[in-house]
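Here are the chains, one letter per residue:
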Amino acid sequence: MALNADKFIEAFMANLIAKNPGENEFHQAVRVVVGSVAPYIVENPWLIEEKIMERMTEPERVIMFRVPWIDDRGDIQINRGFRVQMNSAIGPYKGGLRFHPSVNLSIMKFLAFEQTFKNSLTTLPMGGAKGGSDFNPRGKSNNEVMRFCQSFMTELQKHIGQDTDVPAGDIGVGGREIGYLFGQYKRLRNEFTGTLTGKGLAWGGSLLRPEATGFGVCYFAEEMLASKGLGFKDSVVAVSGAGNVAQYAARKAMDLGAKVVTLSDSNGFIYDPDGLDDEKWKFVMFLKNARRGRISEYAEKYPTASYYPGKRPWGIKCDIALPCATQNEIEIDDAKALIEGGCRCVCEGANMPTTPDAIAAIQGAGLLYSPGKASNAGGVATSGLEMTQNSIRQKWTREEVDSHLHTIMHDIHSACVQYGTDENGNTDYVKGANIAGFIKVAGAMMDQGLV
Ligand code: NDP
Ligand code: 2IT
């Protein structure tokens with residue numbers, strides 16, 4: 001049986017790599033999922049005949065387009081726009097937009113693929129998609145960002161809609177960008193609908209959407225920790241990133257009684273042995289969201305903190321690690337450092353932040369480990385709640401949204417336990433999340449025939 005599954009994985013991956021050459025991030029994301037579901041597939045050979053994995057790894061549609069715009073000096077700029085509509089078996093396409101210079105087709109496809117399984121886990125009816133551009137918002141004026149967003153949406157609006165595809169934010173796309181994108185969508189389509197989520201509170205946004213991914217990460221970590229009689233209280237937490245997900249993961253960890261000692265950006269990390277407090281957290285919010293500054297300025301303002309340029313925070317001793325920056329930010333040496341530092345739990349806020357060999361090391365050392373598709377699903381789940389509120393033209397209270405978010409994170413944890421727990425009672429959250437996500441999407445695809 002194991003041999004069959006291994007053979008299936010190797011043959012499947014060889015074909016996928018031949019068909020999608022050079023798309024390393026996409027290969028990586030697929031290999032992890034196929035690794036989990038292969039035993040299930042070989043036990044149900046009709047899934048092989050139905051070519052279910054071949055269908056799931058071929059996007060339903062890929063849109064790539066030119067995004068021309070004019071910068072503040074009057075020079076022409078050309079960026080590349082993407083929307084990968086991966087799978088609509090269980091609902092309209094749903095997933096964020098990333099604006100970052102590293103964006104390419106491989107990154108878009110890995111994110112859209114992960115999103116399909118994540119959205120399936122949320123219990124809500126949402127298919128999987130991702131989009132974005134190699135545009136770099138850093139250092140651009142508000143007017144430049146607006147012109148870029150307007151040009152990007154001028155093409156994207158042909159392919160999205162409240163019942164078709166509902167984009168949201170991701171790296172480099174926050175409230176400001178969603179505002180400009182929504183404004184242009186409304187102008188071109190002459191409709192005020194919930195076609196984007198992460199909207200401002202005055203124009204259709206949901207309370208708690210900005211907080212939802214980071215809060216959800218901590219709710220999920222609480223569930224994992226509780227299974228071992230542990231919790232956030234009095235623990236030391238290392239967070240990477242300093243953007244939307246990191247900010248609210250740090251906030252919730254603090255509120256649950258933990259000491260958050262690190263934050264980072266792509267230039268380096270800060271270590272504050274005293275931990276963040278209310279004032280320091282508010283400074284980070286101002287620094288990153290209003291001033292759009294660098295995390296190094298934290299150490300300039302608070303001399304108890306040190307700044308480590310060009311480094312990641314995983315060498316700092318911690319009980320809980322919350323990677324909330326980007327893909328492949330915990331490599332094997334980082335994993336070893338976390339294990340040696342006594343870390344008990346790695347709960348992913350980012351998408352695919354841990355490399356496969358680092359995951360194996362972390363799981364092998366007996367740490368609690370959850371993949372982003374399970375633990376960061378609170379963001380897209382709350383986007384789903386925003387869509388519901390838009391459809392019924394109502395606005396829920398913060399408490400109502402938070403209660404839904406809690407229930408969803410609890411249910412995702414239960415699904416991971418149901419599908420990922422072995423005879424000895426140990427839960428492999430990677431296996432659990434992948435199988436639970438897969439079964440629902442595969443079933444829906446079978447019901448709908450060969451499309
Ligand atoms: P933001 O743009 O708000 O913040 C991203 C943070 O990560 C910044 O601090 C950024 O630093 C850092 N970062 C980006 N690229 C790199 C890199 N190559 N190396 C090191 N640091 C980097 O994005 P979000 O907080 O929204 O997203 C963070 C992660 O969470 C991503 O993986 C995203 O896909 C995932 N995610 C986001 C959700 C959401 O609702 N926003 C939902 C679920 C997952 P710098 O300023 O230097 O670029
Ligand atoms: O990776 C993600 O789940 C997101 N960036 C959020 C997507 C969404 O539609 O809210």
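Before reading further, recall that the structure is shown in the block above.
A brief report on the enclosed structure follows. Quick caveat, the model's predicted, so the values are computed rather than measured.

**Considerations on helix α7 (residues 175–189)**
Note on helix geometry: an α-helix contains 3.6 residues per turn, so any two residues three or four positions apart are oriented the same way.
Here's step 1: For α7, spanning 15 residues, the distance from its first C-alpha to its last is 21 Å, which sits close to the expected 21 Å at 1.5 Å a residue.
Here's step 2: Listed as buried for α7 are R176, E177, I178, G179, L181, F182, Q184 and Y185.
Here's step 3: Just downstream of α7 lies N190, where phi reads positive at about 55°.

**With respect to the site of ligand 2**
Here's step 1: Every one of the 14 residues lining ligand 2 counts as a neighbour, but K94, K118, D170, R209 and S383 are closest to it.
Here's step 2: In the environment of ligand 2, an oxygen atom lies 2.7 Å from a nitrogen or oxygen atom belonging to the side chain of K118.
Here's step 3: Between ligand 2 and K130 there is a distance of 3.0 Å, counted from an oxygen atom to a side-chain nitrogen or oxygen.
Here's step 4: For ligand 2, whose accessible area on its own is 290 Å², the fraction buried by protein is 94%.
Here's step 5: Only β3 (93–99), α5 (105–121) and α15 (378–391) provide two or more residues apiece to the shell around ligand 2.
Here's step 6: For the shell around ligand 2, the residue count by class is two nonpolar, seven polar and five charged.

**Focus: the packing of aromatic side chains**
Here's step 1: Enumeration over the complete set of coordinates arrives at 21 aromatic pairs.
Here's step 2: When the centroid spacing of 5.9 Å and the interplanar angle of 75° are considered together, the rings of F220 and Y429 count as edge-to-face. With a gap of 209 residues between them, F220 in helix α8 (residues 209–226) and Y429 in helix α17 (residues 429–447) connect regions that are remote in the sequence. Across the pair, Y429 and F220 agree in class, each one buried.

**Some thoughts on the sheet that holds strand β5 (residues 165–168)**
Here's step 1: Spatially, β1-β2-β4-β3-β5 is the arrangement adopted by the five strands of the open sheet, whose pairing is mixed. The open sheet is flanked by β1 (61–70) and β5, the only strands paired with a single partner. This sheet shows a mean twist of 20° between the axes of neighbouring strands, independent of strand direction.
Here's step 2: In terms of strand pairing, β1 meets strand β2 (residues 76–87) through ten bridges, oriented antiparallel. Bridging from a neighbouring strand, F65 pairs with G81 of β2.
Here's step 3: Where helix α6 (residues 142–156) meets the sheet, its contacts fall on β1, β2, β3, β4 (127–133) and β5, and the angle it forms with β1 comes to roughly 145°.

Cut-offs and rules
- Along each chain, residues carry numbers from 1 onward, in the same order as the chain's sequence is written.
- Written order decides the labels, with chains lettered from A and ligands numbered from 1.
- With pLDDT at 70 or above as the cut-off, local features in this predicted model cover only qualifying residues; side-chain atom pairs require 80 or more to be listed or tallied, and sums for whole chains, interfaces and linings still use all residues.
- Heavy atoms from the whole structure form the basis of all side-chain values; hydrogens and water molecules are not counted.
- Secondary structure is summarised from DSSP: a helix means a run of H or I of at least four residues, a strand means a run of E of at least two, and numbering begins at the N terminus for each.
- Expected helix span is computed as 1.5 Å times (number of residues minus one).
- Only protein chains enter the accessibility calculation, which uses a 1.4 Å probe. A residue is then buried if its area is under 20% of the maximum for its type, exposed if over 50%, and partly exposed in between.
- Each residue is tested against the molecule or strand, and it is near if at least one of its non-hydrogen atoms lies within 4 Å.
- Two N or O atoms form a polar contact when they lie within 3.5 Å of each other; inside protein one atom must be a possible hydrogen donor and the other a possible acceptor, and for residues adjacent in sequence the pair counts only when both atoms belong to side chains.
- Note on areas: these come from Shrake-Rupley sampling with a 1.4 Å probe, and a residue is covered only by the protein chains present in the view.
- For this scheme, ten residues count as nonpolar: Ala, Val, Leu, Ile, Met, Phe, Trp, Tyr, Cys and Pro. Four count as charged, namely Asp, Glu, Lys and Arg, and the remainder, Gly too, count as polar.
- A pair of Phe, Tyr and Trp rings is counted when the ring centres sit within 6.5 Å of each other, with Trp represented by its six-membered ring. The angle between the planes then sorts it: under 30 degrees is stacked, over 60 is edge-to-face, the rest tilted.
- At least two DSSP bridges between two strands are needed for those strands to be called paired.
- Under this scheme, a helix contributes an axis fitted over its contacting stretch, all axes are lines through C-alpha atoms, and angles between N-to-C directions fall in the 0 to 180 degree range.
- Contact between two residues is taken to exist if any of their heavy atoms lie within 4.5 Å; hydrogens are not considered.

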